[in-house]
Structures are given as C-alpha cells and as structure tokens.
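Given next are the chains, with one letter for each unit.
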Amino acid sequence: MAFPRLLTADAAAALIPDGAVVTVSSSSGLGCPDAMLAAVGRRFEREGRPRDITTIHPIAAGDVYGINGIDHLAQAGLLARIIAGSYPSGPSSREPPLIWQMVTGNRIPAYNVPSGILFDLHREAAAKRPGVLTKVGLDTFVDPEREGCAMNARAAAQPIVQKIDFAGETWLFFPTLAPSVAIIRATTADERGNLSYEHEGGYLGPLDQALAVRNNGGLVIAQVKRLAQSGSLKPLHVHVPGVLVDAIVVVPDQMQTTQTAYEPAISGEVFRPLSSFEIPAFGIQKVIARRVAQELRYGDAVNIGFGISANVPRILIEEGRHGDVTWVIEQGAVGGVPLLDFQFGCASNAEAMMPSPQQFTYFQGGGFDASLLSFLQIDRQGCVNVSKLGARPHVTAGAGGFIDITARAKRIVFSGFFTAGAAIAVEGGKVAITREGKVRKLVDRVEHVSFSGARALAQGQDVTYVTERCVMKLTPAGVAITEIAPGIDLDRDVLAQADFPLVVPRPPHAMDAALFRPEVFGLDTRLDATRTGEAALPQVEDPQLSEFPAFATSR
C-alpha cells in the first residue's frame, strides 16, 4: 500500500463510495471523529453522495450536547441502515436526535447489538471467519425469540442474528458483516500514518476496526489533532500502525469528550488529588449509593454503569477507602475514579487503559468480580430493562455494553428508585415519602428484557436490587425483600407499589441506620472484614424457597 494521504475532511469524505459499510470509532463524545462525520453529511447535501451506506457503531457516535456524531448522517438517502451498541440520548425535554427520529419513524432498519459482540464481529471480519458464536444475549431482546436486536419493523424484517444448536448447546450466531470504510480518531499521526493516543480518554476499538477494513480491501480514515514528523513517535506509543491507515485528516480543535475540550487527567497525563473529586451531597440518592457500596469486597474488580451507582466511587473516597476496589469500565479505564455526567465513560487517575474489545472479552468471560448497574424496570422473574422506554425512546441510549457485562458477572447490584416521580426525603435518619410516584418500576413484565432473571438463576449469579425503600434479592421463588429502610411501611410503601407479588421470607432486616445520616457511615469496617477473609457484611440469609415460612409472598 502507499503511504497515507494528508487530506481535508471534505476530500476524505469524497472517497467514501455508495453502499459502503462504515464503522465508526466513538463512545458518545469520547473519541468521536465528528469533523469527518460532518464532512460526510455536507457532501451528501451538496452531491447526493454517498448513498445508502450502513454504519456500525460498537458503542455510540455523538451526543445531544454539542457533538452531533451520527446525526450528521441521519439524512434520507444517505443512511440506509444502522447497527449500534447504543445511540445518542438525552432528557425528554430535548428534541429527539435526528437518528432517533429515523429509527422510531421506521425510515431505516435499526439494530441495537451489544457492544462487545460488535467488537467481536470486527475481529471475525478481519480474520475472514464466518461470524460470532456466543451465549451473550440469550433470553434478552438480543435473542431472536424476542426482538433479535431489532429496534423497528424494518429491522425485524431483515434479521441479523440466528439461534442455533452447536456441539449440543444453544448459541446465538451473528454472521460476519465486513466493513469497507473505517472512520477512527487519535491524537497524533506521523507522516507515515502511525497513530498515538496521548490526549484521548480511551483507545476504544480503532485497531480492530482498522484491521477489519484493511483485511477486506477497504478505506481507513483517521481524524487526528496534530501531525508529527515520520519516526518521531515511540513504537510502544503507537496503537494503530500506519500500514492500516489510508488518509489522515487534521482537526486541531477536536473535543476530548462531551463538553470537554481537553483535560489531562482524563488521558492520564496528570493525576488529580482525591480532594478535587466532588462528593455527592447527602440525600436519598446518596443513601442508595452507600448501600450499594456495602456490597463491595476488598480487592474486587468492579464494573460500574451510569446512574446512581456511578456515585459509588465517590462514596469510597469520602469513607477513606479509595483503592480498596478497582473500577473497570467498558471504554477501557482500569482503576482511578470513573467520571460523571458529560464525562461518563472516562476516568481520572486510571492505572491502565485497555482497548475496549479486550475489556469486553474480560467482561463476557466473567473475569471480574461484580457489576454495579441501574434499572428502569424490574419484573416478577427478576428481569431488568435498561434499554427501552417506548414513550420516551431517546431518553435511553440502548444497551451498550450492559448485556456483555451481565452475561456472566458473578455478582450484580442493580440500583434505582422503587417508583418514578416520588417526592422522597431523608429526615431524622428515616425515609419520608411525601408524594408517591406515578410510574411503577416493579412491573409484571418489563418492556425490554435487557437482563434475564431466569438465565441468571440458571447460571448461579448473585443478583441484588437496591432501592431507597428496600433491598431485594433474586431467588428461585421470585424477587425477595431482605432489608427495609427506616421510616418505610412494608405494606403501603413497598408491597402495594409493585405490580407483582414480592416474596417476604421473614420480617425484613433493617437497613443499616448509619446510611441515613449525613456523617460518614463506617464502610471501612466492612471492607476491612474482607481484607482479613471474613464476610463483607453481616450476611442476611439467602431466602431460598425451602426455608420460607407460610407467609412467604405478598398480596
């Protein structure tokens, strides 16, 4: 191959042919090659080319807060199909992103495929293997017996996953889809196209994406912040070698991540003092995060997701226990402090940075110890929905890496509010509900199965649900209440607010009273216990069916 060409974004966009399968490296605003995507959109507006492209986004491209990403391509005739781990999301008060309008309007086939599987597909395409054989996604919306990843009717009519028997077991099979164009991003390119990532908040998956395209005779375009002299990059700093790159586009003002031009702690160039991380103010969300933190054990490697549980690292900082567990997130950071809000997906002070494809291999195989995640809905089988709210679709981003992470996780702690819209306060060490929520979150059947309770039980996974009112466990008899918050009436505030009978194996234990007071609550005693090999908590007995007394179910 020839050495890569240095091009403008518009000139590089002109190289993309009609009907291309374009893979884009991005996680919302993190690593998004936004200038290149904008150039593709501009070209279509001018010339009507390229037409009918398929785009693949292993995580997501763009956001609703200034980095348009995939919305640049959300034009009739330009985009023919989209396959993504997640989609731009935002509050219901904002106008839905253009891509969501295309998806919900059934204007193009749209699929939500777990991020790890999408990265796996790139490896299979690079090696010219037939596809991905996996158990990730069984009995969830990924399963063809449910939605088969389809987000609308047009996608359902063009299935991309099969359920097959192989070697006496049931698997999901995703046939390989070879990408013909990759649009990736880095910090620096040298004149030979070697790419380094010194200002990035993660590698994500550009190496796998470039390999898949190169090995299938396609075009690799790299958007970078700056150009360096040939030979000036240290070889161990090069993450994507120049032999895989066809075109370089220099964009000096590319954003590091959403609403962040550049923060050196995100890329590990400096470490922030722990005192610089804001500790959540005392309130009901902090109470939930504290109770989630009590599920941790000293030395755990813990995945963390968006929502209430994202505050748990700050709880450990406040309690003087930072470093007692190692946080691992799908964008690749290992250790440090995962960041919040617009910078979610990045971490400061990370110990290491894994490429996302390898991080997902770690997750899919269950090599880590626990995952702290959120829920939108829980049903009578313990299934969880995080990926779809039909009434407000753009409020949720889709599953992302959630299904890869939960497929074999040993311990999972889901957290959230028992109902949506309730007015709740913590007063005098007790929970006070002054107005009940209008939307129940414990429903007879979840709208979208992002997590299968039945499969979790079959695999022996330990599943806990933490709310502001109670703590629940997934058991063979159903969702069982194990602890109740002070100030909460079991019948009025819990049992009557669920659409299905909850199991009450015995009078629930009281949640730790210290959680409900503003001062530090003594997490150190619990993590120190596991440092010496003892139990992480004064353990509540597992509410197995054989032990239930006669009053075991509610209502």
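Please read all numbers here as calculations on a predicted model, not as lab measurements.

Asks: Would you explain the sheet that holds strand S7 (residues 162–166) in this entry?
Replies: Think of a sheet as strands paired side by side through backbone hydrogen bonds, with each pair either parallel or antiparallel. Ordered by their spatial adjacency, three strands build an open sheet running S6-S8-S7, and the pairing between neighbours is antiparallel. Edge positions in the sheet fall to strand S6 (131–134) and S7, since each has one partner strand and no second. On average, adjacent strands in this sheet sit at an angle of 35° to one another, irrespective of strand direction. Across five bridges, the pairing between S7 and strand S8 (residues 169–175) is antiparallel. Pairing of lysine 163 across the sheet is with leucine 172, part of S8. Helix H4 (residues 115–126) contacts S6 and S8 of the sheet and is inclined by roughly 135° relative to S6.

Asks: Explain the packing of H4 against helix H9 (residues 356–364) here, please?
Replies: How two helices sit against one another is set out by the angle between their axes and by the gap between those axes. In contact at an axis separation of 9 Å, H4 and H9 are set at 120° when each is read in the N-to-C sense. On the basis of their axis angle, the class for H4 and H9 is oblique. As for the relative orientation of H4 and H9, their crossing is left-handed in sense. Residues Ser115, Gly116, Ile117, Phe119, Asp120 and Arg123 of H4 pack against Ser356, Pro357, Gln358, Phe360, Thr361 and Gln364 of H9. Partitioning the contact of H4 with H9 into residue classes produces four nonpolar, six polar and two charged.

Asks: Would you take a moment to explain empty space enclosed by the protein for this structure?
Replies: Empty space among the atoms can be located by rolling a probe the size of a water molecule over them. The final tally for this structure, using the stated rule, is five cavities of 30 Å³ or more. Its boundaries defined by the atoms lining it, the largest cavity holds a volume of some 120 Å³. Along its surface, the largest cavity is lined by 16 residues, and Leu138, Thr140, Thr406, Ala407 and Arg455 are the ones closest to its centre. Elements with a minimum of two residues in the lining of the largest cavity: helix H10 (402–406) and helix H11 (453–459).

Asks: Just to check I follow, could you spell out the pairing of strand S31 (residues 470–475) for this structure?
Replies: Along a regular strand, successive side chains alternate from one face of the sheet to the other. Across the six residues of S31, six count as buried, placing the element largely inside the fold. Both faces of S31 are covered, namely the face carrying Cys470, Met472 and Leu474 and the face carrying Val471, Lys473 and Thr475. In the sheet, strand S30 (residues 462–466) pairs with S31 via three bridges, with the strands oriented antiparallel. Paired with tyrosine 465 across the two strands is methionine 472, which belongs to S31. Here S30 hands over to S31 after three residues, the two strands then running antiparallel side by side. Both S31 and strand S32 (residues 478–484) contribute to a ladder of six bridges, which runs antiparallel. Paired with threonine 475 across the bridge in S32 is glycine 478.

Asks: Any chance you could explain the nonpolar core here in plain terms?
Replies: A general trend in soluble globular proteins is that nonpolar side chains are found buried together. Grouped together as the largest cluster of nonpolar side chains are 101 residues, with contacts concentrated most on Phe174, Phe414 and Leu502. The greatest single-element share of this core, amounting to six residues, is contributed by helix H7 (residues 284–293). Listed in part, the 38 residues of the second largest apolar core include Met36, Ile82, Ala110 and Val251.

Asks: Is there a simple way to explain the sheet that holds strand S12 (residues 219–224) in this structure?
Replies: Here we have eight strands laid out as an open sheet, ordered S1-S15-S12-S9-S2-S3-S4-S5, and parallel in their pairing. A single partner strand is all that each edge strand has here, and the edge strands are strand S1 (5–6) and strand S5 (110–112). Where S1 and strand S15 (residues 247–250) come together, two bridges link them in parallel fashion. Within the sheet, the bridge partner assigned to leucine 6 lies in S15 and is isoleucine 248. Strands strand S2 (21–24), strand S9 (181–185), S12 and S15 of the sheet are contacted by helix H2 (residues 34–47), whose axis makes an angle of about 125° with S12. Sheet contacts for H4: S2, strand S3 (53–57) and strand S4 (79–84); angle to S3, the most-contacted strand, approximately 115°.

Asks: It is not clear to me how the side chain of glutamate 124 should be interpreted in this structure. Could you clarify?
Replies: Structurally, glutamate 124 can be placed in helix H4. Aside from chain neighbours lying at most four places away, what touches glutamate 124 is Arg129, Gly131, Val132 and Thr176.

Asks: Just checking my understanding: could you explain the pattern of salt bridges for this structure?
Replies: Think of it this way: side chains of opposite charge can pair up when their charged atoms draw near. Tallying each qualifying case throughout the model produces 26 salt bridges. With a shortest N-O distance of 2.8 Å, arginine 42 and aspartate 10 are connected by a salt bridge. You can see arginine 42 sitting in helix H2 and its partner aspartate 10 sitting in helix H1 (residues 9–13), a full 32 residues away along the chain. Here glutamate 436 and arginine 469 are joined by a salt bridge, their closest N and O atoms 2.8 Å apart. Highlighted residues: glutamate 436 in the loop between strand S28 (430–435) and strand S29 (439–440) and arginine 469 in the loop between S30 and S31, separated in sequence by 33 residues.

Asks: Where do I start with the environment of valine 249 in this structure?
Replies: Within the secondary structure layout, valine 249 lies in strand S15. Placed 228 residues apart in sequence, valine 249 and valine 21 show a C-alpha to C-alpha distance of 20 Å. The contact partners of valine 249, leaving out residues within four places of it in the chain, are Leu7, Thr8, Ala9, Ala12, Met36, Ile221, Ala222, Gln223 and Val224.

Rules behind the numbers
Sequence order as written defines residue numbering, which begins from 1 separately in each chain. Where local features are concerned, this predicted model is filtered to residues with pLDDT of at least 70; where side-chain atom pairs are given and counted, the filter is 80 or more; whole-chain, interface and lining totals use all residues. Hydrogens and water are ignored here; the side-chain numbers use all heavy atoms of the structure. By definition, two strands form a pair when at least two bridges between them are found by DSSP. Put simply, DSSP marks the helices as runs of H or I at least four residues long and the strands as runs of E at least two long, and each gets a number from the N terminus on. Each axis is a line fitted through C-alpha atoms, and for a helix only the stretch in contact is used; angles between axes span 0 to 180 degrees, taken between their N-to-C directions. Between two residues, a contact is recorded if the distance between any of their heavy atoms is within 4.5 Å. Angle categories: roughly parallel below 35 degrees, roughly antiparallel above 145, roughly perpendicular from 65 to 115, and oblique for all the rest. Each helix crossing is assigned a hand: it is left-handed if the near helix lies turned anticlockwise from the far helix by less than a right angle, otherwise right-handed if that turn is clockwise. Polar here means any residue other than Ala, Val, Leu, Ile, Met, Phe, Trp, Tyr, Cys and Pro, which are nonpolar, and Asp, Glu, Lys and Arg, which are charged; Gly is therefore polar. In this analysis a 1.4 Å probe is tested at points of a 1 Å grid over the protein atoms alone, and where it fits but cannot get out there is a cavity; an open set with protein on both sides within 12 Å along at least five of seven lines is a pocket; lining residues have an atom within 4 Å of a point. Grid points are joined across faces, edges and corners, and a volume is the space filled by probe spheres set on the points. Three exposure classes are used, based on accessible area relative to the maximum for each residue type with a 1.4 Å probe and protein chains only: buried under 20%, partly exposed in between, and exposed over 50%. The nonpolar core is taken to be a set of buried Ala, Val, Leu, Ile, Met, Phe, Trp, Tyr and Cys residues, with the residues joined through side-chain atoms within 4.5 Å. Any Lys or Arg side-chain nitrogen found within 4 Å of a carboxyl oxygen on Asp or Glu counts as a salt bridge.

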